Amino acid sequence: MSATPSPSDAGLSLLGLHHVFDGIPVVHDVTVHVAPGEILCLLGPSGCGKTTTLRLIAGLEPPSGGRVVLNGRQLSRPGSIIPPERRGVGFLFQDFALFPHLNVADNVGFGLSKSDPARAHKIQSLLQQVGMASHSMAWPHQLSGGQQQRVALARALAPEPGLMLLDEPFSGLDKRLRDQVRDETLRVLKESNVCTVMVTHDPEEALLMADRIAIMQAGHVVQIGTPTELYDTPATPFVAAFFGDINSMEGQIHGEHVQSPLGRLRPAVIPTGLADGSPVGVVIRPEAISLNPADPDGEAIVRDARPIGRGALVWLEINGTLFKARTFGGPLPAIGAACGFTVDQSHTHAFAKL
Ligand SMILES: Nc1ncnc2c1ncn2[C@@H]1O[C@H](COP(=O)(O)OP(=O)(O)OP(=O)(O)O)[C@@H](O)[C@H]1O
């Protein structure tokens, strides 16, 4: 967890946010700061408390404990919340429903004062920003899902909110459209320099969109950091597994080394305070195991190999244990062949337990 934010900081501060449903805690003591212009993704499996955290930030739910502060203004604490419409917050949810009886321009202008002389200019420039300027007179039912989502983004940004809240905003779009709308949304949010919190269960989406990711498990934020920090130095096996395939195995710690079925390793992350010989869990990503098919005396036997894109996923038997390795290019290794292997130690992580 990052250093405790001060409520007077610019941006969003969640201070010991806590929530209980029917006596069951579902959000535990979440403390995090999101700076202006920063995109924070709340990432985690179904039921871990992401949406509840977002609803607490939005003011759709009063917190059981803790506070929500935006740009020094207290928005929520137990027993006192400022309602969502008075928070200066923009929303982009999966069901981004545009008003069907308003055309595109009027949807975008919905939150703007009719007497604002700059209203028409603001609407047009937002539509320009999201690439929908030529559709300003169209009706929502005449637009594709991706176009509707872009108009919804412009509508949410129109009142110049201090905070944008996104809940699985692209999950209703098909894959090709999703990639495109996601890239555009990222660009527009960055141009707007708005503080953003986005909920997703998709690690790839979080890696692509987020400046920082908060990983949630059973209501707790278990790690918060940049995409690179979380991928390269996961705090727990759960975090490591959340970002892709892993091999996990038992080993024994000896100083800064671990004895494992892959031999003697020097993991990048290793638990401290354990006596030599103590059991540890070791996690290693498939891409950290490289094959050397030219070494017929190698200790690894190829048990299976499947092409994936430009490379392959290869199952290797090493000292009686099966490991997954990832190759990038080259011919598929022959099943049953012996080969050598090397391990990228910087992508090896040891934990007190798996
Ligand atoms: N209104 C409610 N009343 C009672 N329990 C609730 C309510 N809303 C959510 N919960 C429970 O709180 C927990 C967290 O739910 P939440 O929707 O925040 O998870 P999530 O991580 O967003 O999951 P998903 O990805 O499936 O949407 C779950 O166990 C859920 O059943």
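Residues numbered from 1 in each chain as written. Predicted model: local features only at pLDDT ≥ 70, side-chain atom pairs only at ≥ 80, totals over all residues.

Some words on the overall build of the chain
Consideration 1: Within the chain, the regular secondary structure consists of 8 helices and 21 strands.
Consideration 2: Dimensions of the chain, computed from the C-alpha atoms along their principal axes, are close to 80 × 45 × 35 Å.
Consideration 3: Evaluated residue by residue, the chain yields a buried proportion of 37% over its 354 residues.
Consideration 4: Restricting the contact set of the chain to residue pairs at least 6 apart, pairs at least 24 apart contribute 66%. (Helix = DSSP H or I, 4+ residues; strand = E, 2+ residues; numbered from the N terminus. Buried ≥ 20, exposed ≤ 12 C-beta atoms within 10 Å, placed from the backbone. Contact = placed C-beta atoms within 7 Å.)

Some remarks on the packing of helix 4 (residues 145–157) against helix 5 (residues 175–192)
Consideration 1: As a packed pair, helix 4 and helix 5 sit with axes 10 Å apart at the nearest point and diverge in direction by 15°. The pairing of helix 4 with helix 5 is recorded here as roughly parallel in orientation. Crossing of helix 4 against helix 5: the hand is right-handed. For the pair helix 4 and helix 5, the contacting residues are Gly-145, Gly-146, Gln-149, Arg-150, Leu-153 and Leu-157 in the first and Leu-177, Gln-180, Val-181, Glu-184, Thr-185, Val-188 and Ser-192 in the second.
Consideration 2: For the contact of helix 4 with helix 5, the per-class residue count stands at 5 nonpolar, 6 polar and 2 charged. (Axes fitted to C-alpha atoms, helices over the stretch in contact; angles between N-to-C directions. Parallel < 35°, antiparallel > 145°, perpendicular 65-115°, else oblique. Left-handed = near helix turned anticlockwise from the far one by under 90°. Nonpolar A, V, L, I, M, F, W, Y, C, P; charged D, E, K, R; others polar.)

Some points on the sheet that holds strand 18 (residues 311–318)
Consideration 1: Here 5 strands make up an open sheet; going across it, the order is 16-20-17-18-19 and the pairing antiparallel. Bordering the open sheet on either side are strand 16 (289–292) and strand 19 (321–328), each of which pairs with just one other strand. Put simply, the sheet's adjacent strands are angled 40° from each other on average, direction ignored.
Consideration 2: In terms of strand pairing, strand 17 (residues 300–308) meets strand 20 (residues 338–343) through 2 bridges, oriented antiparallel. (Pairing = 2+ DSSP bridges.)

Digging into the site of the ligand
Consideration 1: Near the ligand you find Phe-21, Asp-22, Val-26, Gly-44, Ser-46, Gly-47, Cys-48, Gly-49, Lys-50, Thr-51, Thr-52 and His-201, and these make up its full shell.
Consideration 2: The dominant element in the shell around the ligand, judged by the number of residues it contributes, is helix 1 (residues 50–58), at 3 residues.
Consideration 3: Tallied by class, residues from the shell around the ligand come to 3 nonpolar, 7 polar and 2 charged. (Near = placed C-beta within 6 Å.)

On their own, these measurements won't tell you what the molecule is for.
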